[in-house]
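So the chains spell out like this:
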Amino acid sequence: MFGICLLPLVPLREQPTSKSEMVSQLLFGEQYKVLHQQADWIKVETINDQYIGWISEGQADFIEDAALNELEKPIFTTSFPHQLIKVDGLNMFVPFGSKIYNKRVFIINNQKFELDYQEADNCNLLDTAMQFLNTAYLWGGRTPWGIDCSGYTQQVFAQQGVFMKRDAYQQAEMGQALAFLSEAQLGDLAFFDNNEGKITHVGILLDNETIIHASGKVRIDKIDNHGIIHSQTKKYTHKLRFLKRIL
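Residues numbered from 1 in each chain as written. Predicted model: local features only at pLDDT ≥ 70, side-chain atom pairs only at ≥ 80, totals over all residues. Heavy atoms only, no water.

K.L.:
Explain the overall build of the protein chain to me, please; I cannot follow it from the model alone.
P.N.:
Assigned secondary structure in the protein chain consists of four helices and 22 strands. Along the longest, intermediate and shortest principal axes, the C-alpha atoms of the protein chain span 55 × 40 × 30 Å. Considering only contacts within the protein chain whose residues lie at least 6 apart along the sequence, 54% involve residues at least 24 apart. If you sum the accessible surface of the protein chain, you get close to 12,000 Å²; carbon and sulfur atoms cover 50% of it. Of note, the protein chain has its 23 positive side-chain charges centred 5 Å away from the centre of its 29 negative side-chain charges. (Helix = DSSP H or I, 4+ residues; strand = E, 2+ residues; numbered from the N terminus. Contact = heavy atoms within 4.5 Å. Areas by Shrake-Rupley, 256 points an atom, 1.4 Å probe, with all protein chains shown as cover. Lys, Arg positive; Asp, Glu negative; His and termini not counted. Charge placed at Lys NZ, Arg CZ, Asp CG, Glu CD.)

K.L.:
How do you make sense of the pairing of strand β20 (residues 217–223) when you look at a structure like this?
P.N.:
Within a regular strand, the side chains alternate between the two sheet faces. As defined by bridge partners, strand β19 (residues 210–215) adjoins β20 across six bridges and the pair is classed as antiparallel. Its bridge partner being in β20, Ser215 is matched across the sheet by Lys217. In sequence, β19 turns back onto β20 through a hairpin of one residue, with Gly216 there showing a positive phi of about 85°. The pairing of β20 with strand β21 (residues 227–229) spans two bridges and is classified as antiparallel. Paired with Lys222 across the two strands is Ile229, which belongs to β21. Once β20 ends, the chain turns through three residues before running back antiparallel as β21. (Pairing = 2+ DSSP bridges.)

K.L.:
For this particular structure, what's the right way to read the sheet that holds strand β10 (residues 90–95)?
P.N.:
Backbone-to-backbone hydrogen bonds join strands into a sheet, with any given pair of strands oriented parallel or antiparallel. Pairing within the open sheet is antiparallel, and its four strands lie in the order β10-β9-β13-β12. With partners counted over all chains shown, the strands left at the sheet margins are β10 and β12 (105–108), one partner each. Neighbour-to-neighbour, the strand axes of the sheet open up by a mean angle of 30°, direction not taken into account. Sheet topology note: the strand β9 (residues 82–87)/β10 ladder contains six bridges and is antiparallel. Paired with Leu84 across the strands is Phe93, a residue of β10. (Axes fitted to C-alpha atoms, helices over the stretch in contact; angles between N-to-C directions.)

K.L.:
Whenever I open this one, the pattern of salt bridges confuses me. Can you help?
P.N.:
Side chains that carry opposite charge are capable of pairing whenever their charged atoms lie near each other. Scanning the entire structure with this criterion turns up six salt bridges. One salt bridge in this structure joins Arg142 and Glu30, with 2.8 Å as the shortest N-O distance. One end of the pair, Arg142, is in strand β14 (residues 142–143); the other, Glu30, is in the loop between β3 (22–27) and β4 (31–38), and 112 residues separate them in sequence. Each member of the pair, Arg142 together with Glu30, is buried. Two residues, Asp193 and Lys239, come together in a salt bridge whose shortest N-O distance is 2.6 Å. (Salt bridge = Lys/Arg side-chain N within 4 Å of Asp/Glu carboxyl O. Buried < 20%, exposed > 50% of the residue type's maximum accessible area, 1.4 Å probe, protein only.)

K.L.:
Could you clarify how one ought to interpret the nonpolar core in this entry?
P.N.:
For soluble globular proteins, the rule of thumb is that nonpolar side chains tend to be buried together. Tyr152, Phe157, Leu189 and Ile204 are the most contacted members of the largest nonpolar core, which totals 23 residues. Put simply, the parts of the chain that give this core at least two residues each are α2 (125–131), α3 (149–158), β17 (189–193), β18 (199–205) and β19. Top contributing element to this core by residue count: α3, with four residues. Beyond its immediate stretch of four places on either side in the chain, Ile204 contacts Leu125, Tyr152, Thr153, Val156, Phe157, Gly187, Asp188, Leu189, Thr210, Ile211 and Ile212. Among the nonpolar cores identified, the runner-up in size contains 16 residues, and Leu68, Met92, Val94 and Phe106 belong to it. (Core = buried A, V, L, I, M, F, W, Y, C linked by side-chain atoms within 4.5 Å.)

K.L.:
Sorry, what's going on with the side chain of His213 here?
P.N.:
By secondary structure assignment, the location of His213 is in strand β19. A polar atom in the side chain of His213 sits 2.8 Å from the side chain of Asp221. Residues in contact with His213, not counting those within four places in the same chain, are Tyr152, His201, Val202, Gly203, Val218, Arg219, Asp221, Ile228 and His238. (Polar contact = N/O pair within 3.5 Å; in protein donor to acceptor, adjacent residues only side chain to side chain.)

K.L.:
Explain a nonpolar patch on the surface to me, please; I cannot follow it from the model alone.
P.N.:
Where nonpolar side chains cluster on the molecular surface, the patch consists of Leu126, Met130, Leu186 and Ile220 and spans about 280 Å² of accessible area. On the secondary structure map, Ile220 appears in strand β20. (Patch = residues over 30% accessible without salt bridge, like charges linked within 9 Å, V, L, I, M, F, W, Y side chains within 5 Å.)

K.L.:
I tried to follow the packing of aromatic side chains on my own but got confused; where do I start?
P.N.:
Any pair of aromatic rings gets described here by the distance separating the centres and the angle formed by the planes. Inspection of every chain in the model, using the stated rule, returns 10 aromatic pairs. With centroids separated by 5.5 Å and ring planes inclined at 55°, the aromatic side chains of Phe28 and Phe113 adopt a geometry described as tilted. Here Phe113 lies in strand β13 (residues 111–115) and Phe28 lies in the loop between β3 and β4, a separation of 85 residues in the sequence. Each member of the pair Phe28 and Phe113 is classed as buried. Each ring, one from Phe80 and one from Phe96, has its centre 5.1 Å from the other, and the planes form 65°; the classification is edge-to-face. Linking Phe80 in the loop between β8 (75–76) and β9 with Phe96 in the loop between β10 and β11 (99–100), this pair joins segments that are 16 residues apart in sequence. Take Phe80: its relative accessible area is 25%, and that puts it in the partly exposed class. (Phe/Tyr/Trp six-rings, centres within 6.5 Å; stacked < 30°, edge-to-face > 60°.)

Put into C-alpha cells, the structure is as follows:
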C-alpha cells in the first residue's frame, strides 16, 4: 500500500507517539510506502529517499496503485518560501520544494489540486542556497520555516535535479572525494564529524574559504582545513572530515 502527503507538511517521527522526536518531514506531494500500522500510527518509507519513520494516521492519505501510476513526473514548487495552490477551489499554502503533478492540476482521493499561478523557472544552486539564509535550525526540518543541515542540502540540490539521501552520514556516501580544500568550488559539500568519528554535519561550499550551512540558523561562515569558523565568535564550531563534489 502507498500513500501521498496531501497536507503542507507532515512530521515524520522516530517512534509511534507524538512525544517522539521529529526525524524528518513529508512535504506536499511526496509519496511513501506503508510498512506497518500500530494503533493510530503508521510506519512508512519515503519513496524519494527511502527514509523510515512514523506518521499520525490522521495525517495519512492512501493512494491506489492505479492512481499512483497515473501521476506524471512531478515538478518542484520554486516559489519561496511557499506556494499557493487550490484544493477544491480553496487556498492552501505548501512549502518550497513541494511536488506538483500532471501539469499542475491533479485529482487524488476525489480532491482537485491546482497550482494557482504560473511558476518561475528553477533558481540556480547559489540563488536557492541563499534564499534560505537566516532560516531557523529545526531538527528534522526541511522547509524555509525550519530546517536542519542535511535537510538544507537535500532541498537545495533537489532544485538542481540531484536527489540526495536524508541524513548527513548518508549524503557523505555520495559524490567524488576532493583531496584538498583549495580544490573546492561552489556547490561542493563539506562533511564534519564528532569525537567518535561519526558524520554529524554537512554544508555547501560557496568557494574554498566560505561555507553556507544550517547551524542555529542558515548562515555563512569561514572554513579552513580544520573546520568551520563562526563569523561572530571566531571560534571553531565543526571539525572538517572530508569534501565531496556532487555536481
